[in-house]
Amino acid sequence: MKIKDLIEKYNFEVVNEGDFDREIAGVYCCDLLSWVMGRAPADSAWLTVMGNMNAVAVAVLADIAVIILAESAAVDEAAIAKAAQQDVNILKTSKPAFEAAALIHEMIT
Amino acid sequence: MSVLQLHYDVPGDDFTRAGEASSAIKNKLKQMGIAPDAIRNVAIATYEGEINMVIHANGGTIDVTIDADSVSLVLRDTGAGIPDVELAMREGYTTAKEEIRALGFGAGMGLPNMKKYTDEFELKSEVGKGTEVRMKVFLKK
């Protein structure tokens, strides 16, 4: 499933578009950055409430397909600027992390 | 393939720039056509090291040597050093302050991740002098 399919189906808000044709291979929920770094599989959709620059850096370095901010968590301007510069996909949803992850899981399996 | 050496300075106490060296290294490896798995391993190891240097050591340096068989990483700082390396290597152990943890760091996974994602890992630390981490990721033929 591509990121754009997810946006279409569930109306996730676009925070930054890097490449919405990218495939989502899995889904991962966590807010501790080193935990995500060490455990999230490559090409995951990552559900978090951590909307800062460091989350963007983790997404880049750990090959995360898309950051999805759960429960409409705030994302700071610096993070958006960095995401734009590094083509990192960021979406936002009012749904809690588990609910959003369950929907994505259903779509990819 | 000839040997390529890269050097990066990691500024201390600047979370906005943490990850720049790791991103630069990742891009360089991509340009060289190195396998994505190996690149990801190097990126994770260097980012964790970079963050550690920013949080604990007021910055440091990263030296990268790329040859036909491997990517070697040497991370050096002149920070406070690690009194108990065995404890520091334990998953979940952290000395990061609350404000650092609020940023999403301090899960106590930095050093364990560096070891997990590299094929060779060696840490030398002296209290009051600093820390040196040597890591190697082999490139599969």
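Residues numbered from 1 in each chain as written. Chains lettered and ligands numbered in written order. Predicted model: local features only at pLDDT ≥ 70, side-chain atom pairs only at ≥ 80, totals over all residues. Heavy atoms only, no water.

What follows is about the overall build of chain A. When its secondary structure is counted, chain A shows 5 helices and 5 strands. Secondary structure elements of chain A, listed N to C terminal, follow the sequence α-β-β-α-β-α-β-α-β-α. Dimensions along the principal axes, computed over C-alpha positions, put chain A at roughly 30 × 25 × 25 Å. For chain A, the proportion of its 109 residues judged to be buried stands at 55%. Put simply, of all contacts in chain A between residues at least 6 apart along the chain, 48% involve residues at least 24 apart. Surface exposure of chain A reaches about 4,600 Å², of which carbon and sulfur atoms provide 49%. (Helix = DSSP H or I, 4+ residues; strand = E, 2+ residues; numbered from the N terminus. Buried < 20%, exposed > 50% of the residue type's maximum accessible area, 1.4 Å probe, protein only. Contact = heavy atoms within 4.5 Å. Areas by Shrake-Rupley, 256 points an atom, 1.4 Å probe, with all protein chains shown as cover.)

What follows deals with the sheet that holds strand E1 (residues 13-16) of chain A. All names here are of chain A. Taken in spatial order, the 5 strands make up an open sheet running E1-E5-E4-E3-E2, and their pairing is mixed. For this open sheet the edge positions go to E1 and strand E2 (26-29), each flanked by a neighbour on one side alone. For this sheet, the mean inter-axis angle between neighbouring strands, taken without regard to orientation, is 25°. Alignment of strand E4 (residues 66-69) against strand E5 (residues 90-92), held across 3 bridges, turns out to be parallel. (Pairing = 2+ DSSP bridges. Axes fitted to C-alpha atoms, helices over the stretch in contact; angles between N-to-C directions.)

Residue-level contacts link 22 residues of chain B with 23 residues of chain A. Both sides of the chain B and chain A interface together cover about 1,900 Å² of buried area, and 51% of this is carbon and sulfur. A salt bridge links A:Asp63 to B:Lys26, with the nearest nitrogen and oxygen atoms 2.5 Å apart. For the pair chain B and chain A, the number of links is 12 residue pairs in polar contact (both at pLDDT 80 or more). Element by element, the count of residues in the side of chain B that touches chain A is highest for helix H2 (residues 36-56) of chain B, at 5 residues. Counted by class, the side of chain B that touches chain A contains 11 nonpolar, 6 polar and 5 charged residues. (Buried area = accessible area lost by both parts, 1.4 Å probe. Salt bridge = Lys/Arg side-chain N within 4 Å of Asp/Glu carboxyl O. Polar contact = N/O pair within 3.5 Å; in protein donor to acceptor, adjacent residues only side chain to side chain. Nonpolar A, V, L, I, M, F, W, Y, C, P; charged D, E, K, R; others polar.)

Summed over all chains, the structure comprises 2 aromatic pairs over all chains. Between the NZ or CZ atom of A:Arg39 and the centre of the ring of A:Trp35, over which it lies, the distance is 4.6 Å. (Phe/Tyr/Trp six-rings, centres within 6.5 Å; stacked < 30°, edge-to-face > 60°. Lys NZ or Arg CZ within 6 Å of the ring centre and 35° of its normal.)

Attention now moves to the side chain of A:Thr93. All names here are of chain A. Relative to the helices and strands, Thr93 is located in the loop between E5 and helix H5 (97-108). Judged by its relative accessible area of 6%, Thr93 falls in the buried class. From its side chain, Thr93 meets the backbone nitrogen of Lys95 in a polar contact 3.0 Å long. Setting aside chain neighbours within four positions, we find Thr93 in contact with Phe12, Ile68, Leu69, Ala70, Glu71, Ser72 and Ala100.

Residue and element names in this part refer to chain A. Helix H4 (residues 77-86) packs onto helix H3 (residues 53-61) with a crossing angle of 25° between their chain directions and a minimal axis gap of 8 Å. Overall, the two elements H3 and H4 adopt an arrangement that is roughly parallel. Where H3 approaches H4, its residues Met53, Val56, Ala57 and Val60 are matched on the opposing element by Ala78, Ala79, Lys82, Ala83 and Gln86. When its residues are assigned to classes, the contact of H3 with H4 shows 7 nonpolar, 1 polar and 1 charged. (Parallel < 35°, antiparallel > 145°, perpendicular 65-115°, else oblique.)

With that settled, consider the state of the cysteines. All names here are of chain A. Tallying each qualifying case throughout the model produces 0 disulfides over all chains. Not engaged in a disulfide, the cysteine Cys29 finds its nearest cysteine sulfur in Cys30; these two sulfurs lie 8.7 Å apart. Judged by relative accessible area, which is 38%, Cys29 ranks as partly exposed. (Disulfide = S-S within 2.5 Å.)

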